[in-house]
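Listed below are the residues making up each chain.
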Amino acid sequence: MPRKPTRKGLIKKLDTVFSHYIRLRNANGNGYVECVTCGKQDHWKSMDCGHFMSRKYMSTRWHEDNCQVQCKSCNVFRYGEQYKYSLWLGQEKAEELYMLSKKTLKLMEYDLLDLINIYEEKVKVLKKGLN
């Protein structure tokens, strides 16, 4: 009998499928995307899902407005380029995400499973649209 997935395992799986969705939703027909902070273009598999407000804030961790495509240089080596990211978002949206990040959110295992299923379906649809 298979073991029940752990909360940590569900979060990791959701992070992965959500990242795929964020990068695919902005991909052109050939699978290329553009970094929101520097403009670099590359294949979606070579880019990151960058977060304006850090992933440590659960209330914005999987918020679609908080996550955009970033190259590895901007996301990892330049710590997300939060200032440039905020310019891309606009002041109103950046402030909204900041305030939302301060709210407490506790998702149950069934919530995580629901989100995984939703984003797996969205990824499947987006992958069909690629050449």
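Throughout what follows, the structure given in this document is the object of discussion. Small disclaimer: the values here were computed from a predicted structure and weren't measured.

Rules used throughout
- Residues numbered from 1 in each chain as written.
- Predicted model: local features only at pLDDT ≥ 70, side-chain atom pairs only at ≥ 80, totals over all residues.
- Heavy atoms only, no water.
- Buried < 20%, exposed > 50% of the residue type's maximum accessible area, 1.4 Å probe, protein only.
- Helix = DSSP H or I, 4+ residues; strand = E, 2+ residues; numbered from the N terminus.
- Arc of directions from axis to C-beta.
- Contact = heavy atoms within 4.5 Å.
- Phe/Tyr/Trp six-rings, centres within 6.5 Å; stacked < 30°, edge-to-face > 60°.
- Lys NZ or Arg CZ within 6 Å of the ring centre and 35° of its normal.
- Core = buried A, V, L, I, M, F, W, Y, C linked by side-chain atoms within 4.5 Å.
- Salt bridge = Lys/Arg side-chain N within 4 Å of Asp/Glu carboxyl O.

This paragraph deals with helix α4 (residues 82-89). For α4, the full list of buried residues reads Y85, S86 and L89. For α4, the angular spread of buried residues about the axis comes to 100 degrees, placing them on one side. Of the residues in α4, the exposed ones pointing more than 90 degrees away from the buried face are Y83 and L87. Those residues of α4 that are buried are in contact with β3 (48-51), β4 (67-70) and α5 (91-101). Backbone geometry just downstream of α4 places G90 in the positive-phi region, at approximately 95 degrees.

A positive phi is found at Y79, a non-glycine position, where the angle reads about 55 degrees. In this structure, Y79 sits in the loop between α3 (72-77) and α4. By relative accessible area, Y79 is classed as exposed at 75%. The phi torsion at E81 lies on the positive side, around 45 degrees, for a residue other than glycine. If you trace the backbone, E81 turns up in the loop between α3 and α4.

Below, the discussion takes up the environment of K103. Within the fold, K103 resides in the loop between α5 and α6 (109-128). A residue is classified by how much of its surface remains accessible, and K103, at 55% relative accessible area, is exposed. Measuring from C-alpha to C-alpha, the distance between K103 and K8 comes to 21 Å, with 95 residues separating the pair along the chain.

In this section: the packing of aromatic side chains. One pass over the full model with this rule turns up three aromatic pairs. Here Y21 and Y119 contribute two aromatic rings whose centre-to-centre distance is 5.2 Å and whose plane-to-plane angle is 50 degrees, an arrangement assigned as tilted. Placement of the pair is Y21 in helix α1 (residues 7-25) and Y119 in helix α6, with a sequence separation of 98 residues. Across the pair, exposure class does not vary: Y21 and Y119 are buried alike. Directly above the aromatic system of Y21 lies the positively charged group of K122, at a separation of 5.1 Å from the ring centroid.

Residues L14, F18, W62 and L112 are the most contacted members of the largest nonpolar core, which totals 24 residues. Listed by contribution, the elements that provide at least two residues to this core are α1, β4 and α6. Per element, the largest residue contribution to this core is eight residues, and it comes from α1. Those residues in contact with F18, other than ones at most four positions away along the chain, are C49, R61, W62, H63, E64, C67 and Y119. If you look at the next biggest cluster of nonpolar residues, it comprises six residues, including F52, Y85, L89 and L97.

Turning our eyes to something else, we now look at the pattern of salt bridges. Taken as a whole and judged by the stated rule, the model has eleven salt bridges. Across the pair K93 and E96 runs a salt bridge whose closest N-O atoms are separated by 3.3 Å. Residue K93 and its partner E96 are located together in helix α5, separated by three residues, close to a single helical turn. The partly exposed category is assigned to K93, whose relative accessible area is 24%.

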